[in-house]
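# Coordinates in review
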Amino acid sequence: MKRIRIEGGHKLTGTIQISGAKNSAVALVPASLLSDEIVKIDNIPNISDIDALNEILMYLGAKVTRDGNMMEIDSSSIINKEIPEAISAKLRASYYFMSSLLGKYKHVEMYFPGGCSIGARPIDQTLKGYRALGARVVEEGNKYTIDADELIGSEVYLDMPSVGATVNTILVAVKAKGETVIENAAKEPEIVNVATFLNNMGAKITGAGTSTIHITGVDYLGSCFTEVIPDRIETGTYMIAGALMGENLRIENIIPEHVDSLIGKLKEMGVSIKEERDAVTISATEKLNHVNVKTLGYPGFPTDLQQPLTALLTQCSGESVLEETLYENRFKNIPYLNEMGANITIDEKKIHVIGPTKLVGREVSATDLRAGACLVLAGLKAEGETIVNNVEHVLRGYENIIEKFTQVGAKIELEEI
Ligand code: EPU
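Residues numbered from 1 in each chain as written. Predicted model: local features only at pLDDT ≥ 70, side-chain atom pairs only at ≥ 80, totals over all residues. Heavy atoms only, no water.

### Considerations on the state of the cysteines
The test is simple: The disulfide criterion used throughout: a pair of cysteine sulfur atoms within 2.5 Å.
For the coordinates displayed, the defined rule picks out zero disulfides. No disulfide involves C316; its sulfur sits 13 Å from that of C374, the nearest cysteine.

### Side note on the layout of surface pockets
Rules: Throughout, the protein atoms alone are placed on a 1 Å grid, and a set of points is a cavity if a 1.4 Å probe fits but cannot get out or a pocket if it is open with protein on both sides within 12 Å along at least five of seven lines; lining residues have an atom within 4 Å of a point. Grid points are joined across faces, edges and corners, and a volume is the space filled by probe spheres set on the points. Note on conventions: DSSP H or I runs of at least 4 residues are helices, E runs of at least 2 residues are strands, and numbering of each starts at the N terminus. The residue classification treats Ala, Val, Leu, Ile, Met, Phe, Trp, Tyr, Cys and Pro as nonpolar and Asp, Glu, Lys and Arg as charged. All others, Gly included, are polar. Where each domain begins and ends is defined by an automated method or by a domain database.
Here the largest pocket defines a volume of roughly 1100 Å³. Forming the walls of the largest pocket are 43 residues, and the residues nearest its centre are R121, V163, G164, L326 and Y327. Put simply, the parts of the chain that give the lining of the largest pocket at least two residues each are α1 (22–31), α4 (95–105), α5 (124–132), α6 (163–173), α10 (303–313) and α12 (369–381). Across the lining of the largest pocket, the residue classes break down as 20 nonpolar, ten polar and 13 charged. Per-domain counts for the lining of the largest pocket show at least three residues from each of domain 1 (2–19 + 230–416) and domain 2 (22–227).

### Comments concerning the site of the ligand
Worth spelling out the cut-off: Residue proximity to a molecule or strand is established when one non-hydrogen atom of the residue lies within 4 Å of it. Polar contact is the term for a pair of N or O atoms within 3.5 Å; when the atoms are in protein, one must be able to donate a hydrogen and the other to accept it, and sequence-neighboring residues count only if both atoms are side-chain atoms. The method behind every accessible area is Shrake-Rupley, applied with a 1.4 Å probe, and residues are considered shielded solely by the protein chains displayed. Here the criterion for a molecule occupying a pocket or cavity is that more than half of its atoms lie within 2 Å of the pocket grid points.
Around the ligand, 23 residues are found, and the nearest of them are S162, V163, D304, L326 and R370. Within the backbone of Q125, an N or O atom sits 2.8 Å from an oxygen atom of the ligand. With the chains in place, 91% of the 820 Å² that the ligand exposes on its own is no longer accessible. Put simply, the ligand lies in the largest pocket. Listed by contribution, the elements that provide at least two residues to the shell around the ligand are α1, α5, α6, α10 and α12. Grouping the constituent residues of the shell around the ligand by class yields ten nonpolar, six polar and seven charged.

### Remarks on the sheet that holds strand β23 (residues 385–389)
Rules: Two strands pair under a simple rule: DSSP has to find at least two bridges between them. Fitting a line to C-alpha atoms yields each axis, with helices limited to the stretch in contact; the angle taken between N-to-C directions then spans 0 to 180 degrees. Between two residues, a contact is recorded if the distance between any of their heavy atoms is within 4.5 Å.
The strand order across the open sheet formed by four strands is β22-β23-β1-β24, and the pairing between neighbours is mixed. Each edge of the open sheet carries a strand with a single partner, namely β22 (363–365) and β24 (411–416). Taking the axes of each pair of neighbouring strands and ignoring which way they run, one obtains an average angle of 20 degrees across the sheet. Across the sheet, α12 touches β1 (2–7), β22, β23 and β24, and the angle it forms with β1 is around 25 degrees.

### Details of the sheet that holds strand β5 (residues 70–74)
Read across the sheet, four strands follow the order β4-β5-β3-β13 without closing on themselves; strand pairing throughout is mixed. This sheet does not close on itself; its edge strands, each paired only once, are β4 (63–67) and β13 (224–227). For this sheet, the mean inter-axis angle between neighbouring strands, taken without regard to orientation, is 15 degrees. Of the strand pairs in this sheet, β4 and β5 are connected by five bridges, and their pairing is antiparallel. Paired with T65 across the two strands is E72, which belongs to β5. Running at roughly 160 degrees to β13, helix α7 (residues 189–201) makes contact with β3 (38–42) and β13 of the sheet.

### Digging into the environment of L53
Condition: A 1.4 Å probe rolled over the protein chains alone gives each residue an accessible area, and that area as a share of the maximum for its type sets the label: buried under 20%, exposed over 50%, partly exposed in between.
Considering the arrangement of structural elements, one finds L53 in helix α2 (residues 48–60). Given a relative accessible area of 0%, L53 falls into the buried group. For the pair L53 and L380, spaced 327 residues apart in the sequence, the C-alpha separation amounts to 31 Å. Every residue in contact with L53, bar those within four places of it in the chain, is listed here: V26, V29, P30, L91, A93, S94 and F97.

### Remarks on the pairing of strand β19 (residues 316–323)
As a reminder of what qualifies: Think of it like this: strands point away, you trace from the first strand over the helix to the second, and a clockwise trace means the crossover is right-handed.
In the sheet, strand β17 (residues 288–289) pairs with β19 via two bridges, with the strands oriented parallel. Bridge pairing in β19 places L288 opposite C316. Alignment of strand β18 (residues 292–294) against β19, held across three bridges, turns out to be parallel. Residue K294 lies in a different strand from β19, and its bridge partner there is E323. Taken together, β18, α10 and β19 constitute a β-α-β crossover, and its handedness is right-handed. Across six bridges, the pairing between β19 and strand β21 (residues 350–355) is antiparallel.

All we've got here are geometric facts, nothing functional implied.
Here is the structure:
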């Protein structure tokens, strides 16, 4: 097990560089399989989720070269074989392979994907997209066998703007015959990144970033180069760290527009933020106002930032109310925050946070990626020593988190026990 040990109370000052977005990169890597030539992707974060996808690429016989944050993928000689459950269960994004393989070979055998245990996370909308394009889906327990004689463009209305179902439907439609229209598509920036990547290969996708996406199928996808966009959730996590402990903490290589909803909330609290074209500078403020937050799809407040934000809500004066509308089980950080001195009650989909409360170091556990990020943030603020156990979850999604915090003055170490 890996754990993080933090000595709290140190000011954070200096500059943090944001890495490529996990949730873009984990879609771009499987999408690369659709090309019959070599593709290059830059700004890939070095996180364990990418290692897990790399394992699937190698298993299928792709030739992969990684050099720093650059990844070169040659899928011209892959073999479309069943992807074992042991690898597909490592992460949610493994199901992007299901769509790329189906889109390319019209046949795939794979298992239900893994991912953080934050709710049921069904894949019905993805399967609805496959079926709409003419595929037959056979489910046997956790296993899916999916075939199509031909994939034919169709209209797909998503019951909710799911990121995964939007990306999966794009992946399966890019080489289908005719036009596919996705209605009620998710609008997350990561989807635009995936569509741009595929268009660079020769796909014909318009409307990514809006609720209606049009895809006209093409026969061939060739070589291309793309860059992963900056990670808006990592950006937000370090911005919250800045609001807790920053002294002119500068966060660089970001797209401020992608974190508008967080900037809005921080300003409502009274946090001092200086915005530039691709950076923000944040300092902690003595007295913070309480706020209400509701998670929504982009451009609403991201569910992936609600747990990190909760560490800051404990420092706001009065009662803040946070409502999680996407996942049923994304409050596992709360009992640990309360052990550290927070005053938070859970009321079904909402939490009520009464502050400010002094946080004190404790031994806690990362139950999932963003819960872990929340506890690291709380540890940076807390008096004394905090130990966060099971930080494998955190390392899945934050590149060089120890180095980045250390560079700006935190006392934080990774331990293997
Ligand atoms: N949903 C369904 N059926 C589906 C698909 C989704 O009911 O077929 C529901 C889900 O249960 C959930 C909601 O729709 O309540 C949103 O799910 P979505 O499909 O948008 O999420 P996802 O694609 O599984 C991605 C990110 C998550 C992030 C969400 C929302 C990846 C690999 N994961 O998940 O990231 O929370 O979008 O923005 O891109 C994280 O990074 O910590 C993380 C969990």
